[in-house]
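This is what each chain is made of:
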Amino acid sequence: MLGLCRGRRKFLAFSLALLFIPALTWLYLSVGNFQVRHLPLSPLEPQSSPLIGGGGERQALELRVREVEEENRALRRELSQPPHSPSHPHQTGHHGNRSSTHSNEEGTGDNENQRAAAAAAAGGSNGSECAQQPVVDKCETIHVAIVCAGYNASRDVVTLVKSVLFHRRNPLHFHFITDSIAQRILASLFHTWMVPAVRVDFYDADELKSEVSWIPNKHYSGIYGLMKLVLTKALPSDLKQVIVLDTDITFATDIAELWAVFHKFKGQQVLGLVENQSDWYLGNLWKNHRPWLALGRGFNTGVILLLLDRLRKLRWEQMWRLTAERELMSMLSTSLADQDIFNAVIKQNPFLVHQLPCFWNVQLSDHTRSEKCYKDVADLKVIHWNSPKKMRVKNKHVEFFRNLYLTFLEYDGNLLRRELFGCPSETDHNSENLQKTLSELDEDDPCYEFRRERFTVHRTHLYFLHYEYEPSADNTDVTLVAQLSMDRLQMLEAICKHWEGPISLALYLSDAEAQQFLRYAQGSEVLMSRSNVGYHIVYKEGQFYPVNLLRNVAMRQVNTPYMFLSDIDFLPMYGLYEYLRKSVVQLDMASTKKALVVPAFETLRYRLSYPKSKAELLSQLDMGTLFTFRYHVWTKGHAPTNFAKWRTATTPYRVQWESDFEPYVMVRRDSPEYDRRFVGFGWNKVAHIMELDAQEYEFIVLPNAYMIHMPHAPSFDITKFRSNKQYRVCLKMLKEEFQQNMSRRYGFAALKYMTAENNS
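The name given to the protein chain in an unreviewed UniProt entry is LARGE xylosyl- and glucuronyltransferase 1, with the source organism recorded as Alosa alosa. UniProt, in the comment section headed Subcellular location (unreviewed entry), describes the protein chain in these words: "Golgi apparatus membrane". UniProt annotates the protein chain under Pathway (unreviewed entry) with the comment "Protein modification; protein glycosylation."

What follows is the structure, given as structure tokens:
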């Protein structure tokens, strides 16, 4: 009964509103010379504005009247519906959802006032039980723009992306404004990540530099810290709204909640921003501190909601340029990059901004008011590490924030490959082809896991650390190629000491191990002193060590004309880099197919006085300190090198391919890749050398080159090979299939490989 009375009172109130508001509208519009007081379109908008004044007041009033009329029409529609019984609250809530018109992919939806009125009318019977009308459709695409440049930013942004993917329930479209480095890294990462319902587009930041390069900027972000000013120009013209994020953001909630805030924009509001939580713009941090103009405490641009279509109509490009030019006459440069210019524009035009609650950008720099943004963990929405000190910032709850950040930093990104059920998505041909290939495999096959690993797509992050390489003028440069897992990390420093040239390494790590590696590398003076080492993370997935995939990843990132295909357990002789470069010229590597063999030796001693010359190596060989590699367990692997001849050789000599030959060689960068079917232990290098021979490479042994294998505990894969009969059976089957493939590809010339295998 109480609900029924309330319904009647609401009906009476709505009826009076329908009579009163049109009458007031007619009165305002009919009085020609009546001086209308400007209606504020925003709580922050002043009564006079450089953009709205004089005749503009009448336009603003007419705009407001149209909004009121739209609200009235919504009320009429709601009141025209038959009254709902208080005894069926769930039906009422369902009707409210059904009557809503959700926004399209670009985020332009129904009027906020219409939704509010509909929700109020629908919930009149029993508001506590009625389902709240959704603001963002579950299949609506959310657009996110991020400026990202360089190796470090490309690594940092992954944590932001993980936090967004973890909470999201909507399709996402990332718009990355990048330099060539970040584009190369992120394009590879997302291509191999294969997250459903995620689209990624890249925009060349270099093409935008001329738009902002005239602005002096003292901020550590450099010219890329100004790129957010030109997003209206950089992003597609049909994109109407976008969430703009800094790379040092961490989400603690579904990004759809932030996207829904667009529906709260009113009037000419085009920017959604959180108030700056430091005293920077108050100008009292130190003596003679003189910040740019700002409205009150100013606003932080780490999180921005941009209504792009309205900004373009307001001629945003001209607006911010004029403001920047004027302010730079006295300020000379920006201190906080784009944030200074955004605030100067808002100072002049405060009606442009829709102030977001501060939990949408909890700023963790020193001495901020961030603690006022939350009372409980549930209040946190977005965390912003906006101090140059990042996680070393001073904050009462910094441990909690740090743990939240580390959760996503080390979170297994493979778990984020979640389908969004019920939402149509763009056809991903790569994913479709992969699923088709996997469906054709027989899951009852005892070797199914071996076969499946060949097609597994491993998430790959290229150039995990900063990398620099200057090509040599003589085109003889050589890159050492190797792969490793966490248990071989200790070999990196030693290899860097032995090889001064470029190195390309593929590391097979989990997300957590990748962070351990990062801390290890950043704490190593040896590794940090080398900028010509490319570290490429291939993230763990499946039960096998994908050794040949790792080798291929490292090979594809070689920037030199030649590459030395090694293993992480080997230390090359001192000076091998320069020796190989000289051999390139001596043996005419540029115009011939040659594989230069570096003889391999091993020691069983963990502490070895590394031989500095061939004579010293031969002495240790005679003394039993060194041995030819695997002479006691796998003689065939390196026997064709002919160590007896090498002892006295002074010039390079040619050797013939033999069954199971697996030397370490230097080849041209365009040599064939390794066969991915071989994983773990067994035949991974043998198959590659066989491929080189089939392509008519000559094997030339270098007389004054050598490398030494250092002792280590047996790998998990060799243990499985030795203890698991099925493992050996599957490896034998893969060998036979590889040889059959060789016969089909190379014809009669490949018959010798099958004959040699049968005779061995």
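(A) Quick look at the overall build of the protein chain. Regarding its fold elements, the protein chain presents 26 helices and 23 strands. The buried share of the protein chain, taken over its 760 residues, is 53%. Contacts spanning at least 24 positions in sequence make up 79% of the contacts within the protein chain whose residues lie at least 6 apart.

(B) How the structure looks around the environment of Val212. The topology assignment puts Val212 in helix H7 (residues 209-212). As for Val212 and Val230, which are separated by 18 residues in sequence, their C-alpha atoms are 8.2 Å apart.

(C) Representation of the state of the cysteines within the structure. Counted under the stated rule, the structure contains two disulfides. For Cys139, the disulfide goes to Cys423, at an S-S distance of 2.1 Å. With the S-S bond torsion at -90°, the cross-link from Cys139 to Cys423 turns out left-handed. On the criterion of sequence distance, the pair formed by Cys139 in the loop between helix H4 (112-122) and strand S1 (142-148) and Cys423 in the loop between helix H13 (398-409) and helix H14 (429-439) is long-range, its members being 284 residues apart. Cys447 shares a disulfide with Cys730; S-S distance 2.0 Å. Its torsion about the S-S bond being -95°, the disulfide of Cys447 and Cys730 is classed as left-handed. Of the two residues, Cys447 is situated in the loop between H14 and helix H15 (448-453) and Cys730 in helix H25 (residues 725-746); the sequence distance between them amounts to 283 residues. One exposure class covers both Cys447 and Cys730, and it is buried.

(D) Representation of the packing of aromatic side chains in the model. Using the criterion set out here, one finds 35 aromatic pairs in the structure. A cation over a ring is seen here: Arg155 above Phe464, with NZ or CZ 5.8 Å from the ring centre.

(E) Representation of the packing of helix H5 (residues 150-167) against H13. Between H5 and H13, the least distance of the axes is 8 Å, while the angle of their chain directions is 85°. The angle between H5 and H13 falls in the class roughly perpendicular. Every residue of H13 that contacts H5 at Thr159, Lys162, Ser163, Phe166 and His167 is listed here: Tyr405, Phe408 and Leu409. Grouping the amino acids of the contact of H5 with H13 by side-chain chemistry returns four nonpolar, three polar and one charged.

(F) The sheet that holds strand S6 (residues 271-275), seen in detail. Read from one edge to the other, the open sheet built from seven strands follows the order S3-S2-S1-S4-S7-S6-S8, with strand pairing classed as mixed. The sheet terminates laterally at strand S3 (198-204) and strand S8 (353-356), the two strands that pair on one side only. Across this sheet, the average inter-strand angle for adjacent strands is 25°, counted without regard to direction. Two strands pair when backbone bridges link them, and strand S2 (residues 172-178) and S3 are joined in this way by seven bridges, in the parallel orientation. The partner of Leu172 across the bridge, within S3, is Val198. Lying on the sheet, helix H6 (residues 180-193) is in contact with S1, S2 and S3; it crosses S2 at an angle near 155°.

(G) Examining the packing of helix H11 (residues 316-331) against helix H12 (residues 338-348) more closely. Closest axis-to-axis distance for the H11/H12 pair is 9 Å, and the angle between their directions is 100°. The angle between H11 and H12 falls in the class roughly perpendicular. Along the contact surface, H11 presents Trp316, Met319, Trp320, Thr323, Ala324, Arg326 and Glu327, while H12 presents Ile341, Phe342, Ala344, Val345 and Gln348. A breakdown of the residues in the contact of H11 with H12 according to their chemical character gives eight nonpolar, two polar and two charged.

(H) Broad picture of empty space enclosed by the protein. The tally for this structure, following the rule as stated, stands at two cavities of 30 Å³ or more. Within this model, the largest cavity holds a volume of roughly 60 Å³. Every element with two or more residues in the lining of the largest cavity is listed here: strand S21 (664-668) and helix H23 (684-694). Sort the elements by how many residues they give to the lining of the largest cavity and H23 lands first, with three residues. Looking at the lining of the largest cavity residue by residue, the classes come out as six nonpolar, two polar and three charged. As a volume, the second largest cavity reaches approximately 40 Å³. Around the second largest cavity, the lining residues are Tyr463, Tyr467, Thr479, Pro502, Ile503, Ser504, Gly534, His536, Gln557, Val558 and Asn559. Elements that contribute at least two residues to the lining of the second largest cavity include exactly strand S13 (503-509) and strand S14 (533-539). For the lining of the second largest cavity, the per-class residue count stands at five nonpolar, six polar and no charged.

(I) Up close: the environment of Tyr574. You can see Tyr574 is positioned in the loop between strand S16 (570-572) and helix H20 (576-586). Exposure remark for Tyr574: the relative accessible area of 42% places this residue in the partly exposed category. Sequence-wise, Tyr574 and Tyr610 are 36 residues apart; in three dimensions their C-alpha atoms are separated by 9.0 Å. Beyond its immediate chain neighbours, meaning those up to four positions away, Tyr574 contacts Lys497, His498 and Tyr610. Side chain to side chain, Tyr574 and His498 meet in a polar contact 3.3 Å long.

(J) How the structure looks around a negative patch on the surface. There is a patch of like negative charges on the surface, built from Asp442, Glu443, Asp444 and Glu449. On the secondary structure map, Glu449 appears in helix H15. Of the residues examined, Glu449 reaches a relative accessible area of 37% and is grouped as partly exposed.

(K) Representation of the sheet that holds strand S10 (residues 382-384) within the structure. With mixed pairing, the three strands of this open sheet are ordered in space as S5-S10-S9. Because the sheet does not close on itself, it has two edges, and the strands there are strand S5 (249-251) and strand S9 (362-363). The sheet contact formed by S9 and S10 spans two bridges and is parallel. Residue pairing in the sheet places Gln363 in a bridge with His384 of S10.

(L) Region of the structure containing the side chain of Gln339. Within the secondary structure, Gln339 is located in helix H12. On the basis of relative accessible area, Gln339 is assigned to the buried category, the value being 7%. A distance of 3.4 Å separates a polar atom in the side chain of Gln339 from a polar atom in the side chain of Asn300. Looking at Gln339, its side chain comes within polar contact range of the main-chain nitrogen of Thr301, at 3.1 Å. In this view, Gln339 contacts Asn276, Tyr281, Phe299, Asn300 and Thr301; residues no more than four positions away in its chain are not counted.

(M) Up close: unusual backbone geometry. Despite not being glycine, Met194 has its phi angle at roughly 55°, a positive value. Positive phi, normally seen in glycine, also occurs at Asn642, with a value near 65°. Tracing the backbone through its elements, the reader meets Asn642 in the loop between strand S19 (627-628) and helix H22 (643-648).

Calculation rules
Residues numbered from 1 in each chain as written. Predicted model: local features only at pLDDT ≥ 70, side-chain atom pairs only at ≥ 80, totals over all residues. Heavy atoms only, no water. UniProt positions renumbered as here; feature names shortened; annotations may be inferred. Helix = DSSP H or I, 4+ residues; strand = E, 2+ residues; numbered from the N terminus. Buried < 20%, exposed > 50% of the residue type's maximum accessible area, 1.4 Å probe, protein only. Contact = heavy atoms within 4.5 Å. Disulfide = S-S within 2.5 Å. Phe/Tyr/Trp six-rings, centres within 6.5 Å; stacked < 30°, edge-to-face > 60°. Lys NZ or Arg CZ within 6 Å of the ring centre and 35° of its normal. Axes fitted to C-alpha atoms, helices over the stretch in contact; angles between N-to-C directions. Parallel < 35°, antiparallel > 145°, perpendicular 65-115°, else oblique. Nonpolar A, V, L, I, M, F, W, Y, C, P; charged D, E, K, R; others polar. Pairing = 2+ DSSP bridges. 1 Å grid on protein atoms, 1.4 Å probe; cavity = no way out; pocket = protein on both sides within 12 Å on 5 of 7 lines; lining within 4 Å. Points joined across faces, edges and corners; volume = space filled by probe spheres on them. Polar contact = N/O pair within 3.5 Å; in protein donor to acceptor, adjacent residues only side chain to side chain. Patch = residues over 30% accessible without salt bridge, like charges linked within 9 Å, V, L, I, M, F, W, Y side chains within 5 Å. Areas by Shrake-Rupley, 256 points an atom, 1.4 Å probe, with all protein chains shown as cover. Salt bridge = Lys/Arg side-chain N within 4 Å of Asp/Glu carboxyl O. Lys, Arg positive; Asp, Glu negative; His and termini not counted. Charge placed at Lys NZ, Arg CZ, Asp CG, Glu CD.

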